[in-house]
Amino acid sequence: PGGDIGFDPFLFSLETQERYAISLESSSRSLKSIPINLVDQVWKDRPPLLPDSLTRLPDRIIQRSWQLKVEHIRSLMRDNPYKPTALLLSALDETAWIFNLRGNDIPYNPFFYSYTLLTMNEIWLFVHTHRVTEELRLYLNTSCNESLCVQLRSYDSVLEHLKSYVSQPEVKVWIGTEYTNYALYEIITPQEKLMTSSYSPVLTTKAVKDETEQQILRDAHVRDAIAVIQLLMWLEKIVPDGKETELSAAEYVNKCRSKQNNSRGPSFETISASGPNAALAHYSPTAETSRRLTVDEMYLIDSGGQYLDGTTDITRTVHWGTPTKMQKEAFTRVLMGNIEISRTVFPSGTRGVNIEMLGRRALWEVGLNYGHGTGHGIGNFFGVHEWPVGFQTNNIPFRAGMFTSIEPGYYKENDFGIRIEDVAMTILAHTEYGHNFLTFDTISLVPYDKKLIDTMLLSSEQLQWLNSYYKKIRQLVGPELDKQGLHEEKDWMLRNTEPFPELGSSSSISSSSLTFVALSIALLHNII
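Definitions and cut-offs
Residues numbered from 1 in each chain as written. Predicted model: local features only at pLDDT ≥ 70, side-chain atom pairs only at ≥ 80, totals over all residues. Heavy atoms only, no water. Domains from an automatic or database assignment. Contact = heavy atoms within 4.5 Å. Buried area = accessible area lost by both parts, 1.4 Å probe. Salt bridge = Lys/Arg side-chain N within 4 Å of Asp/Glu carboxyl O. Nonpolar A, V, L, I, M, F, W, Y, C, P; charged D, E, K, R; others polar. Axes fitted to C-alpha atoms, helices over the stretch in contact; angles between N-to-C directions. Helix = DSSP H or I, 4+ residues; strand = E, 2+ residues; numbered from the N terminus. Left-handed = near helix turned anticlockwise from the far one by under 90°. Core = buried A, V, L, I, M, F, W, Y, C linked by side-chain atoms within 4.5 Å. Buried < 20%, exposed > 50% of the residue type's maximum accessible area, 1.4 Å probe, protein only.

### Regarding the domain arrangement of the protein
Alright, step 1. In terms of domains, the protein is made up of domain 1 (55-207) and domain 2 (211-497).
Alright, step 2. Contacts between the two partners involve 22 residues from domain 1, matched on the other side by 25 residues from domain 2.
Alright, step 3. With both chains or domains summed, domain 1 and domain 2 bury close to 1,900 Å², and 57% of this area falls on carbon and sulfur atoms.
Alright, step 4. For the domain 1 face of the interface with domain 2, the top three residues by lost area are Tyr108, Tyr199 and Ala207, together amounting to 32%.
Alright, step 5. Here domain 1 is connected to domain 2 by two salt bridges.
Alright, step 6. Taken together, the residues of the side of domain 1 that touches domain 2 sort by class into 13 nonpolar, three polar and six charged.

Structure (structure tokens):
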């Protein structure tokens, strides 16, 4: 008791440090920040940083130049009543977004190690400077000292530079507490020189995609749908042979994506899971755990791709044999949750947490539930989980132009797992009286497994939504399949997007209608 426990403040967020500190306080122990990592001092054969140079996004997929983004963020700083003089960016996607740059430092994510300190008159970019090519130095205006000239500094100098800045009088540094590490936070003293918000203005601005970002993200999902359709068609044909595994299926979908235009690899490690493995929500197969795929078990594939013009994330659950009654009902109720969120209309500014229960209601009605979040934001050639958009308590309110996943599920331990995940964009809803309401427009374009859908559980509105969605798949994916000469895949897509009979339509006769017909026939016989 009374002892100190050291920690590397560069590896702790403010929230993590606070959580540890509170836990240790009850046992009369405290955390002590050690900025010089002790492991680094003895790790002599540490692998070097990858030599990859940074890259800039091509102009054809950019609507806002980095200069426009900087000036916009400065205007938000200028308009803030607390009058910050500087903004510190610690999250890797903040710096990558504001400069329209990408890197290769983090698996599955096109980020690079960096910090940015932005003031009204200066821009300091802290990176491994040897990775910045002459072309990029010209692009960033690094040879001048004006307000739209980027001053390059070594990545490791951020601490000393920030110390020097906050030592000046009349300065105030704005940080987003969710993504600033403790090492930088603790040197911004006294408190009068610190201004905090949960998220930086860069993250909240980035959350609303501009028109170009919206369109190219939609385009990426059309091409991505083709890769997933190729996988599902292939599995449907090959699984009965009993030779394919979870691992080979994951490799196949990655191979299909790699053939699409602008492909930059997977956006996360593919979750390819059958039977009891699918009951583990975030399981990924290895050579040791990979199970053989069979027609007797459900199969869940959660995968995504990085493309130069967008990031994708989609989950489909299928069964190649005869599903049990419980499996079919559980799948249908998960689908009902997906549809109910997708078709809901809500006021702009509503938080996702306030509509999240729509994804669970159909499951709750029969005593089922799932133990993970219902959705997360997604980027444009960025992180597949992009905060602060989504359905969690700490997500920001929805506005038009945001993208989120919608992914309810159900998992029966040691038996099977179900998840249906689509990416959707928030768009303006046309309502009879109000003018500031939103709804979701689904941009993932892969049909659901028809044999797992019990249409008797669906409402007429849910059936209408499902048929409209299938019509959209045909309209958007069909031409791309033709363009790529994928005729067999198109036939598969058309078969799997045949419309369902809707309640009240000529092809759908309700039980009451059947009763009426039977009574009429009986009456006619009596008259005769």
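### Thoughts on the packing of helix α9 (residues 211-238) against helix α10 (residues 246-258)
The axes of two packed helices give the description: the angle between them and the distance between them.
Alright, step 1. Running from amino to carboxyl end, α9 crosses α10 at an angle of 145°, the nearest separation of the two axes being 8 Å. Crossing handedness for the pair α9 and α10: right-handed. Seen from α9, the contacting residues are Asp224, Ala227, Val228, Gln230, Leu231, Trp234 and Leu235; seen from α10, they are Ser248, Ala249, Tyr252, Val253, Cys256 and Arg257.
Alright, step 2. In terms of residue class, the contact of α9 with α10 is built from nine nonpolar, two polar and two charged.

### What about the nonpolar core?
Alright, step 1. Grouped together as the largest cluster of nonpolar side chains are 58 residues, with contacts concentrated most on Leu235, Tyr299, Tyr448, Ile453, Leu466, Tyr470 and Val477.
Alright, step 2. Per-element accounting of this core gives the leading share, ten residues, to α9.
Alright, step 3. Dropping the residues within four chain positions of it, Tyr470 is found in contact with Pro447, Tyr448, Lys450, Ile453, Asn496, Thr497, Glu498 and Phe500.
Alright, step 4. By size, the runner-up hydrophobic cluster in this structure holds 29 residues, among which are Leu118, Leu125, Tyr139 and Leu152.

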